[in-house]
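Chain by chain, the residues run as shown.
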Amino acid sequence: MTLTEATAPPLRPARLTVARPAAQEARQRDARPRRLRRPLTAREIEVLALIADGKTNEEVAAQLGIARHTVKSHMAHILDALGAMNSAHAVAIAHCRGDFGPRRKIAWNPDVSYREVQVLEGVAVGMTDVQVGRKLWVSQHTIKSHLRRIYVKLGVSSRAQAVDTAFRSGLLVARNPAKR
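Residues numbered from 1 in each chain as written. Predicted model: local features only at pLDDT ≥ 70, side-chain atom pairs only at ≥ 80, totals over all residues. Heavy atoms only, no water.

## Details of the environment of Pro 102
Piece 1. For Pro 102, the position within the fold is in the loop between helix H6 (87-97) and helix H7 (114-124).
Piece 2. In this structure, the C-alpha to C-alpha distance between Pro 102 and Arg 168, residues 66 residues apart in sequence, is 9.8 Å. (Helix = DSSP H or I, 4+ residues; strand = E, 2+ residues; numbered from the N terminus.)

Structure, rendered in structure tokens:
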């Protein structure tokens, strides 16, 4: 037996070898940036705008005269079409693409701190509390605390509405990646 053979890792069962590439492929697929698959329909833009205004699924359904599960279906299609992680991310993508068209501007809120803007940026790109916390070197509980303060300062009740308000007030600015 040579030294290389003695120090080589033991062989793995074939079953694990087959499962391993699939898991690696799934991680790589999830790590790839998502691409726009299709433009949003007028109804999907309408639903997303209402969600951005802070409406719940029930309120959107009542306002549009559709069922709650239809709103959920629209949101699933919106997330898929935009390649978004969640509704707040979808709102940010829609603002960057100009899908909402002209919307009423909101006055700048000078009470929002730089750190809170950093938290809003993380939320806008679809990060979870844990991911934003890791990026900013704080705990997820600190991020939740920042979000509660942001909600109060902006007068909003959801992440999607916070992102929408941040774009409309100028706290977040839509950037076109092609023009960097």
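## Considerations on the nonpolar core
Piece 1. Ranked by internal contacts, the top residues of the largest apolar core, which has 43 residues, are Val 47, Leu 48, Ile 78, Leu 82, Leu 120 and Val 163.
Piece 2. Only helix H3 (42-52), helix H4 (57-64), helix H5 (68-82), H6, H7, helix H8 (129-136), helix H9 (140-154) and helix H10 (159-169) provide two or more residues apiece to this core.
Piece 3. With sequence-adjacent residues up to four places away left out, Val 163 is seen in contact with Ala 88, Val 91, Ala 92, Val 123 and Ala 124. (Core = buried A, V, L, I, M, F, W, Y, C linked by side-chain atoms within 4.5 Å. Buried < 20%, exposed > 50% of the residue type's maximum accessible area, 1.4 Å probe, protein only. Contact = heavy atoms within 4.5 Å.)

## Considerations on the confidence of the model for the chain
Piece 1. Here the chain averages 82 in pLDDT, while 77% of its residues score no lower than 70.
Piece 2. At the level of individual helices and strands, the chain shows its lowest average pLDDT in helix H2 (residues 14-31), which scores 42, and its highest in H4, which scores 97.
Piece 3. Note that pLDDT drops below 50 for residues 1-24; the model gives that stretch 3 contacts with residues more than four away or on any other chain. (pLDDT = per-residue confidence, 0-100.)

## Examining unusual backbone geometry
Piece 1. In this structure, Trp 137 is a non-glycine residue whose phi angle is positive, near 65°.
Piece 2. Here Trp 137 is to be found in the loop between H8 and H9.
Piece 3. Trp 137 gets classed as exposed once you look at its relative accessible area, which sits at 80%.

## What about H8?
Piece 1. Three or more residues of H8 are buried, namely Asp 129, Val 132, Gly 133 and Leu 136. Projection of H8 onto a plane perpendicular to its axis shows the buried side chains occupying an angular sector of 100°, all on one side.
Piece 2. Of the surrounding secondary structure, the elements contacted by the buried residues of H8 are H7, H9 and H10.
Piece 3. Of the residues flanking the end of H8, it is Trp 137, one or two places downstream, whose phi is positive at about 65°. (Arc of directions from axis to C-beta.)

## Focus: the packing of H5 against H6
Piece 1. Packing of H5 against H6 brings their axes to within 10 Å, and their N-to-C directions diverge by 55°. Between H5 and H6, the angle falls in the class oblique. In this structure, H5 crosses over H6, and the sense of that crossing is left-handed. Residue-level contacts link Met 75, Ile 78, Leu 79 and Leu 82 of H5 to Ser 87, Ala 90, Ile 93 and Arg 97 of H6.
Piece 2. Taken together, the residues that form the contact of H5 with H6 break down as 6 nonpolar, 1 polar and 1 charged. (Axes fitted to C-alpha atoms, helices over the stretch in contact; angles between N-to-C directions. Parallel < 35°, antiparallel > 145°, perpendicular 65-115°, else oblique. Left-handed = near helix turned anticlockwise from the far one by under 90°. Nonpolar A, V, L, I, M, F, W, Y, C, P; charged D, E, K, R; others polar.)

## Re H4
Piece 1. For H4, every residue scored as buried is listed here: Val 60, Ala 61 and Leu 64. Seen along its axis, H4 keeps its buried residues to an arc of 100°; they face one direction. Turned more than 90 degrees from where H4 packs its buried face, Ala 62 and Gln 63 sit exposed.
Piece 2. The first or second residue beyond H4 is Gly 65, which carries a positive phi of 70°.

## Overview of the environment of Val 119
Piece 1. Counting through the fold element by element, Val 119 comes out in helix H7.
Piece 2. Linking Val 119 and Gly 133, residues 14 residues apart in sequence, is a C-alpha distance of 8.5 Å.
Piece 3. Residues within four places of Val 119 in sequence aside, it is in contact with Val 132, Leu 136, Ile 143, His 146, Leu 147 and Ile 150.

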